[in-house]
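Inside the fold
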Amino acid sequence: MGRTRVLVSTRKWNPTYDVVTKSTDQYPWADGGEMADVCIRGVVEAIHASPTQAVLYLSGGASQALGWLLSVPGATNTVLESVVPYSRMSMIQLLGKVPAQSASRQTAEDMALMAYNRALRLSQPGSPVLGVGFTGSLTSSRPKRGDHRFHVSTRTSDQLVVSSVILSKGLRNREQEDMVSSQLLLKAIAYACKVPATFTSELTDSEVHNESEIQFDEDQELEQLISGQICFKVYPFLNDISKSERKIILSGSFNPLHDGHIKLLEVAMSVLGDGYPCFELSAVNADKPPLTVSQIKERVKQFEKAGKTVIISNQPYFYKKAELFPGSAFVIGADTVARLINPKYYGGDYGRMLDILSGCKMTGCLFLVGGRNVDGVFKVLDDFDIPAQLKDIFLSIPAEKFRMDISSTELRKNLRTL
């Protein structure tokens, strides 16, 4: 096998996060090892200064990279979660399947995709997110018949990069192989965060390093969402990126988006006081065909024009939305409350209704309820008999603050008659 040059260090970098290469002239006291530490620290500082938030799934190596990321101040800006699925059963539970081979390119790619979806759920609204997967088979206490190898994969909204490295057997001990794998992992993270990695990899010319990169355009990303590969996509048209972890979400079909929707979310913000306001459109409907890519993009244009953030998800049910957006406040109308607490929509099973809504409660979610017409009668939260164990997750928007007597359906009818 031939060797493919490492592409990471030769690509164009975003100068906003540029790191000046350190030299022994600048640090005359430093030897080679200390210089490497200085350069690595500079890269980690640049990663933490970038807006990217990441989830890392690492197995079988690259442990030093995690230490570098966590030991430099600012790690909370970058690392949302790190998991080390080291045992076979841990890996199976993480992936939800038995991998054909644990230390493989495909497994690293699967881990990165799962980490990306997890990062979407944990990140602050509007922040770019990164999923990192690493799996390796390095030297151990027992001789290995196969190659000493590792695989690194990074997944962002528009890019999948996978690197595979075969190391020379007998050249390094375990700590040294872990160092090499950590360096390559840190370089991959730096590239995904659009910052440079200024240190030199310790791979020799005889060692194999293959890398592939796939770019996704918007249509491809939306197709992945509709098919369930990714859980949602954020269009952060709101200029301010909130530091609040709680999202205040108004879900709907928004066909069309109208002033009532915008006003309702504004009032919800004034009632709750803290949170990031966003609309949420599900590409998948419970009783209709999924939206097409072109339909989604047309509806997204409404939010771009209004300067409002919208999330495109693939979950039509609120209990699934609660899993996607834990700790969020969902802004709903009284007509939605009527369906949420009606056993009819749970196969006629009152206990199942309680269980599902209790699950929403366990995620830390709330429902903020605005008055709406229900079967021709204007109703508010107090008009419903909410089960005692669920009362604390339903909060009322006072009718004097907001009421909406017209729906998107009625607006469409009115437009057709003009």
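Structure first, text after, so check above.
Let us look at the structure shown here. (Residues numbered from 1 in each chain as written. Predicted model: local features only at pLDDT ≥ 70, side-chain atom pairs only at ≥ 80, totals over all residues. Heavy atoms only, no water.)

Things to note about the sheet that holds strand β1 (residues 53–59)
Going by this rule: Paired strands are those between which DSSP finds at least two bridges. Secondary structure follows DSSP: runs of H or I at least 4 residues long count as helices, runs of E at least 2 residues long count as strands, and numbering of each begins at the N terminus. Whenever a helix is involved, its axis is fitted only over the stretch in contact; in every case the axis is a line through C-alpha atoms, and angles between N-to-C directions fall within 0 to 180 degrees.
With mixed pairing, six strands are arranged side by side in an open sheet as β2-β1-β3-β4-β5-β6. Edge strands, defined here as strands with exactly one partner in the open sheet, are β2 (79–83) and β6 (208–215). Averaged over all adjacent pairs, the angle separating strand axes in this sheet is 10°, with direction ignored. Of the pairings in the sheet, the one linking β1 to β2 comprises four bridges and is parallel in character. By the bridge assignment, Val-55 is partnered in β2 with Glu-81.

Notes on the packing of helix α4 (residues 88–95) against helix α5 (residues 105–122)
Here is the rule: If an angle is under 35 degrees, it is roughly parallel; if it is over 145, roughly antiparallel; if it lies from 65 to 115, roughly perpendicular; otherwise it is oblique. The sense of a crossing depends on the near helix, which, turned anticlockwise from the far helix by less than a right angle, makes the crossing left-handed and, turned clockwise, makes it right-handed. Residue contacts are defined here by distance: any two heavy atoms, one from each residue, within 4.5 Å place the two residues in contact.
Close contact between α4 and α5 brings their axes to 10 Å; oriented N to C, the two are set at 55°. Put simply, α4 runs oblique to α5. With respect to the hand of their crossing, α4 and α5 are arranged in left-handed fashion. Note on element contacts: α5 touches α4 through Thr-107, Asp-110, Met-111 and Met-114, opposite Met-91, Leu-94 and Leu-95.

As for the pairing of strand β8 (residues 247–251)
Just so we agree on the cut-off: Working definition: with a 1.4 Å probe on protein chains only, accessible area under 20% of the residue-type maximum means buried, over 50% means exposed, and in between means partly exposed. Crossovers are described as right-handed under a simple rule: with the strands pointing away from the observer, the path leading from the first strand over the helix to the second runs clockwise.
Counting buried positions along β8 yields five of five residues, so the element is predominantly enclosed. Side chains of β8 alternate between two faces, with Lys-247, Ile-249 and Ser-251 and Ile-248 and Leu-250 buried alike. Of the strand pairs in this sheet, β8 and strand β9 (residues 276–282) are connected by five bridges, and their pairing is parallel. Note that in β9 the partner of Leu-250 across the bridge is Phe-279. This β-α-β element, β8 to helix α8 (residues 259–272) to β9, shows right-handed connectivity. Strand direction decides the pairing type here: β8 and strand β11 (residues 329–333), joined by three bridges, are parallel.

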